Amino acid sequence: MDKKKQEKIRPPTVTLMGHVDHGKTTLLDAIRKTNIVAGEHGGITQHIGAYQITFNKSPITFIDTPGHAAFEKMRSRGVDAADIVILVIAANDGVKPQTREAIKHIKKAQKPLIVALTKVDLPNLITERIKKDLQKDEVLLEEFGGDVPLVEVSASKNKGIDDLLEMVQLVWQISPETSFPHDFLEAVVVEAFLDKNRGPVVTAIVKKGTLKIGQKLTVDDETIGVKALINDRGENINEALPGDPVEILGFKKLLGVGSIVHDTNILESSIVQPPATLAEIIAKSQLASDRFKIIIKADVVGSLDAIVANLPERILIVSSGIGEINSTDISFAKVASAPILAFNVKVNPSVRSQADRERVVIKSYRVIYDLLTEIEEVTESFETAKQKQKITGQAKIVAEFDIEGKKIAGVVVTSGKLKLGDRITIGSGLNSGEEIKISSLKKYKKEVEFASQGQECGIGFTPNIDFKVGDIIESLG
Ligand code: GDP
């Protein structure tokens, strides 16, 4: 089967923002009803936080969070989940503080914007003043040579709704995103609440891949199985495709709006678990036993004895032996999260590549003194580093891209936050000591300031470093 052929334009996700009482909820209801009149799917009865309509034979998904003030914050976070934002302004009231707040969010997220002037059925409209005010707030309308369309609507009288939906489709045609059902799953959370009977109920919109019943999902390092999927018409379904809004049952806790849900496969197939640097490996083993764990392979009994006799006391040798490093040593090192110190022994290429795959660190030495000094240094520098370094975020590299000669990492943030300009540590082996910084940070192709736990982003580094898919990035703030 040619997967490329199944590639389709994903339906856009749209969110409405604007000042309270300017008509967001009424407009969302009017849009919803348009679809019922069209009779495409039968009636939509459920409020799950998002719904999908079909207009001109193409689906559009709307984020439909409740309208009152307590939910405004959630609505603004929903901007990240949306592809297009409709800024709702009552034509008789004009640009108000929450309108400006919304404009700030939209600009920051660099989302395409459509202005909907609502309530045009009412008297005393101040349309011209609104247009001028928008210009002051740097929303450049098409009629003044900018790229922001404006559509006049009356949700109560059901006027202009089709024009607005046509505009959404036009805007999406300019920069659509494609996806195909065999992609790795990526779904973005738009609402979550605790139901007395059903437990945590999470509404997400699928952005890539297919969400299925029984699928294993990973969020915040926790893996859960999908127990049930319910669509926006309250029907139990077996799978949800790109663009579909769906309620997911099976989570053990509530997820934040904007969290990204992945299927476990993507993480297991591309990320190998052991930590990246020798210092980290030691740290991990130290946590468990309070003693540093290592594995030693040496050429002859005499040198092995000499090394063992001179190692610092706090070192725990989990395994030692004479002769070449073999595949069992690698497996053992992986399980113990311990580095292998090789003294005057060869590492054949197949074992070396197994070690690379399993993220096992092998350090080779020809002089006992060097080995002992280095292990002492690592121990000491680790102790200091542990006190000094406060890790502010951690991410796993799941993909790599070459953009204009620069290597860009596609990452999933597994804890904390990654910020533009952060110093980071990355990769395997000992740190070279060179400072590495996050020099670009993008979400859905847009430059952003930071990415939080559960989110996916693309990262460029200064200097341009040679990372591998599976490497772990730690941000030091
Ligand atoms: P929200 O807070 O932005 O969600 O605003 P609502 O949708 O709750 O609307 C606030 C008030 O404006 C309600 O009383 C609506 O009936 C009224 N309203 C909304 N849209 C229109 C419209 O197009 N025309 C008229 N005349 N009233 C509207």
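All values reported here derive from a predicted model rather than from experimental measurement.

Asker: What exactly am I supposed to notice about the sheet that holds strand 17 (residues 245-249) here?
Answerer: Strand pairing in a sheet relies on backbone hydrogen bonds. The paired strands run either parallel or antiparallel. A sheet is described by the order of its strands in space; here eight strands give the open sequence 13-12-18-9-10-17-14-15, paired in antiparallel fashion. Edge positions in the open sheet fall to strand 13 (222-225) and strand 15 (236-237), since each of these has one partner strand only. Sheet analysis places strand 12 (residues 216-219) next to strand 13, joined by four bridges and oriented antiparallel. Each residue of the ladder has a partner; that of threonine 218, found in strand 13, is threonine 223.

Asker: How should the nonpolar core be read in this particular structure?
Answerer: Soluble globular proteins tend to pack their nonpolar side chains together in the buried interior. With 26 residues, the main nonpolar core has Leu27, Ile31, Phe62, Ile86, Ile114 and Leu164 as its most contacted residues. For this core, the elements supplying multiple residues, two or more each, are strand 2 (13-18), helix 1 (24-38), strand 3 (50-55), strand 4 (58-63), strand 5 (84-90), strand 6 (113-118) and helix 5 (161-174). A per-element tally of this core places helix 5 first, with seven residues. Residues in contact with isoleucine 114, not counting those within four places in the same chain, are Ile84, Val85, Ile86, Leu87, Pro149, Val151, Leu164, Met167, Val168 and Val171.

Asker: Just checking my understanding: could you explain the site of the ligand for this structure?
Answerer: Looking at the ligand, there are 14 residues lining it, with Asp21, Thr25, Thr26, Asp121 and Ser156 nearest. Within the backbone of histidine 22, one N or O atom sits 3.4 Å away from an oxygen atom of the ligand. At 2.8 Å from a nitrogen atom of the ligand is found a side-chain nitrogen or oxygen belonging to aspartate 121. The fraction of the free accessible surface of the ligand (580 Å²) that becomes covered by protein chains is 73%. Here the shell around the ligand is built from residues that sort into three nonpolar, seven polar and four charged.

Asker: Would you take a moment to explain the pattern of salt bridges for this structure?
Answerer: Opposite charge on two side chains lets them pair, provided their charged atoms get close. Within the structure shown, the criterion is met by 23 salt bridges. We note a salt bridge from lysine 131 to glutamate 143, for which the minimum N-O separation is 2.9 Å. With a gap of 12 residues between them, lysine 131 in helix 4 (residues 127-136) and glutamate 143 in the loop between helix 4 and strand 7 (150-152) connect regions that are remote in the sequence. Relative accessible area serves as the criterion here: at 8%, lysine 131 is assigned to the buried category.

Asker: Whenever I open this one, helix 10 (residues 349-358) confuses me. Can you help?
Answerer: Working note: α-helix, 3.6 residues per turn, so residues spaced by three or four point in the same direction. Listing the buried residues of helix 10 in full gives Val351, Gln354, Ala355 and Glu358. With its buried residues spanning 100° around the axis, helix 10 presents them on a single face. Seen from the buried face of helix 10, the exposed residues on the opposite side, beyond 90 degrees, are Pro349 and Arg357. Looking at the buried positions of helix 10, the neighbouring elements they touch are helix 9 (327-336) and strand 22 (362-365). Once helix 10 finishes, arginine 359 follows within two positions and takes phi at roughly 60°, a positive value.

Asker: So what exactly am I meant to see when it comes to the environment of asparagine 310 here?
Answerer: Relative to the assigned elements, asparagine 310 resides in helix 8 (residues 301-310). As for asparagine 310 and tyrosine 369, which are separated by 59 residues in sequence, their C-alpha atoms are 9.4 Å apart.

Asker: Just to check I follow, could you spell out unusual backbone geometry for this structure?
Answerer: Backbone phi values are negative for most residues with the exception of glycine, while trans is the configuration of most peptide bonds. The residue after threonine 462, namely proline 463, is reached through a cis peptide bond having omega -5°. The topology assignment puts proline 463 in the loop between strand 29 (456-462) and strand 30 (472-475). If you check the backbone angles, lysine 119 has positive phi at about 60° while not being a glycine. Mapped onto the elements of the fold, lysine 119 is located in the loop between strand 6 and helix 4.

Asker: Just to check I follow, could you spell out the environment of aspartate 93 for this structure?
Answerer: Along the polypeptide, aspartate 93 turns up in the loop between strand 5 and helix 3 (97-109). The partly exposed category is assigned to aspartate 93, whose relative accessible area is 31%. Taking the C-alpha atoms as reference points, aspartate 93 and threonine 118, 25 residues apart in sequence, are found 9.7 Å from one another. Sequence-distant contacts of aspartate 93, defined by excluding residues within four places in its chain, comprise His22 and Ile126. Within polar-contact distance, the side chain of aspartate 93 engages the side chain of histidine 22 at 2.8 Å.

Asker: Can you help me understand the sheet that holds strand 4 in this one?
Answerer: Strand order in the open sheet formed by six strands is 3-4-2-5-6-7, with mixed pairing between adjacent strands. The open sheet terminates on both sides in strands that have one partner only, identified here as strand 3 and strand 7. Going across the sheet, the axis of each strand differs from the next one's by a mean of 30°, ignoring polarity. Sheet topology places strand 3 next to strand 4; six bridges connect them, and they run antiparallel. Looking at the pairing, threonine 54 lines up with proline 59 of strand 4.

Quick notes on the rules
- Residues numbered from 1 in each chain as written.
- Predicted model: local features only at pLDDT ≥ 70, side-chain atom pairs only at ≥ 80, totals over all residues.
- Heavy atoms only, no water.
- Pairing = 2+ DSSP bridges.
- Helix = DSSP H or I, 4+ residues; strand = E, 2+ residues; numbered from the N terminus.
- Core = buried A, V, L, I, M, F, W, Y, C linked by side-chain atoms within 4.5 Å.
- Buried < 20%, exposed > 50% of the residue type's maximum accessible area, 1.4 Å probe, protein only.
- Contact = heavy atoms within 4.5 Å.
- Near = heavy atom within 4 Å.
- Polar contact = N/O pair within 3.5 Å; in protein donor to acceptor, adjacent residues only side chain to side chain.
- Areas by Shrake-Rupley, 256 points an atom, 1.4 Å probe, with all protein chains shown as cover.
- Nonpolar A, V, L, I, M, F, W, Y, C, P; charged D, E, K, R; others polar.
- Salt bridge = Lys/Arg side-chain N within 4 Å of Asp/Glu carboxyl O.
- Arc of directions from axis to C-beta.
- Axes fitted to C-alpha atoms, helices over the stretch in contact; angles between N-to-C directions.

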